[in-house]
Amino acid sequence: MGHRRNIFFYHHLDKEMLEKVGDVQAMAEQYGLTIVKDHRQANIIASIGDDGTFLQAVRKTGFRDDVLYGGITIKDSLSMYCDFKINESSKMIEAVSNEQLKVRRYPFIEVMVDGQGTFPCLNEFSIRSSIIKTLEFDVFINDLHFETFRGDGLIVATPTGSTAYNKSVNGAVVDPLISCMQISEVASINNNKYRTLGSPFVIGGERTLTLKIISAEGNEHPTMGLDNEALSIQHVDKVQIKLSDKKIKTLKLKDNSFWEKVKRTFL
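Summary of the structure given here.

Rules behind the numbers
Residues numbered from 1 in each chain as written. Predicted model: local features only at pLDDT ≥ 70, side-chain atom pairs only at ≥ 80, totals over all residues. Heavy atoms only, no water. Helix = DSSP H or I, 4+ residues; strand = E, 2+ residues; numbered from the N terminus. Rg over C-alpha atoms; globule rule 2.2 N^0.38 Å. Buried < 20%, exposed > 50% of the residue type's maximum accessible area, 1.4 Å probe, protein only. Salt bridge = Lys/Arg side-chain N within 4 Å of Asp/Glu carboxyl O.

## Overview of the overall build of the chain
Here is step 1: Helix and strand counts for the chain come out as five helices and 16 strands.
Here is step 2: Taken against the 2.2 N^0.38 rule, which gives 18 Å for 267 residues, the C-alpha radius of gyration of the chain at 20 Å falls within 12% of a compact globule.
Here is step 3: Principal-axis analysis of the C-alpha atoms places the extent of the chain at approximately 65 × 35 × 30 Å.
Here is step 4: Looking at the chain as a whole, 50% of its 267 residues qualify as buried.

What follows is the structure in structure tokens.
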């Protein structure tokens, strides 16, 4: 990893943050790293903020699979994507310089909406009704019609995203070594007329999930979320989600596995 010397810092631009970033940048230069202003010239991309900032850094730099991503938190405790604290960022700089880091690979999903482009997600894709009314759509796994869903919405999570929105609706926490997607319901209706599985389910990385919106007044415009950003497409007929062939690579200190992160965060 000795050839990885160009580093790009992603962060908010408020005055307080710029002061903190200045100290980290000075330290990086002391260790012989080159700070670049264009992420396309970087082979290390470090976010400074919180998990939300890390997700934005990955999104804004195009989910590159040819760089190493690292998260530096400005809070007192580490998080799922931030392995380093701002006041201990020298650990990351030293580890990069001395090649003491391991690389962690995280899968992400790709969302296609009516052929209007492909949108990657590291945590989850969510679809919900934009009005005070249930959303209804047919759910297909590959070509199999699996169920007709009616309720507030669905969450399609990656393994790392299983600890976020997915977990808040009683989804399972999934090891990122497993290439899969987890689908969790948000307030589904189950009665004599409507029936869904009623529990989260996991599908393998080779499968495609398709959601076909059943036309109803107002529901042609569902609210869709890509990680922590909204997808602004006005009319939706069909959404297809699949696991990407690529993975992002993140910097990892020794003895800081995904499950150690889960334990630290929730237990």
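## A few points about the pattern of salt bridges
Here is step 1: Evaluated as defined, the whole model comprises eight salt bridges.
Here is step 2: Between Asp38 and Arg40 there is a salt bridge; the shortest N-O distance is 2.9 Å.
Here is step 3: Classification of Asp38 by relative accessible area gives partly exposed; the value is 21%.
Here is step 4: The salt bridge partner of Arg104 is Asp83, with a shortest N-O separation of 3.2 Å. Placement of the pair is Arg104 in strand 6 (residues 102-113) and Asp83 in the loop between strand 4 (68-73) and strand 5 (84-85), with a sequence separation of 21 residues. The same class applies to Arg104 as to Asp83, namely buried.
Here is step 5: Each of the salt bridges in this network shares a partner with another, and the network as a whole consists of Asp83, Arg104 and Lys261.

## A short note on unusual backbone geometry
What is expected of a backbone is that most residues other than glycine have negative phi and most peptide bonds are trans.
Here is step 1: Within the chain, Phe63 stands out as a residue other than glycine whose phi angle is a positive 50 degrees.
Here is step 2: With a phi angle near 55 degrees, Asp227 is a residue other than glycine that sits in the positive phi range.
Here is step 3: Mapped onto the elements, Asp227 comes out in the loop between strand 14 (223-226) and strand 15 (229-231).
Here is step 4: Exposure remark for Asp227: the relative accessible area of 11% places this residue in the buried category.

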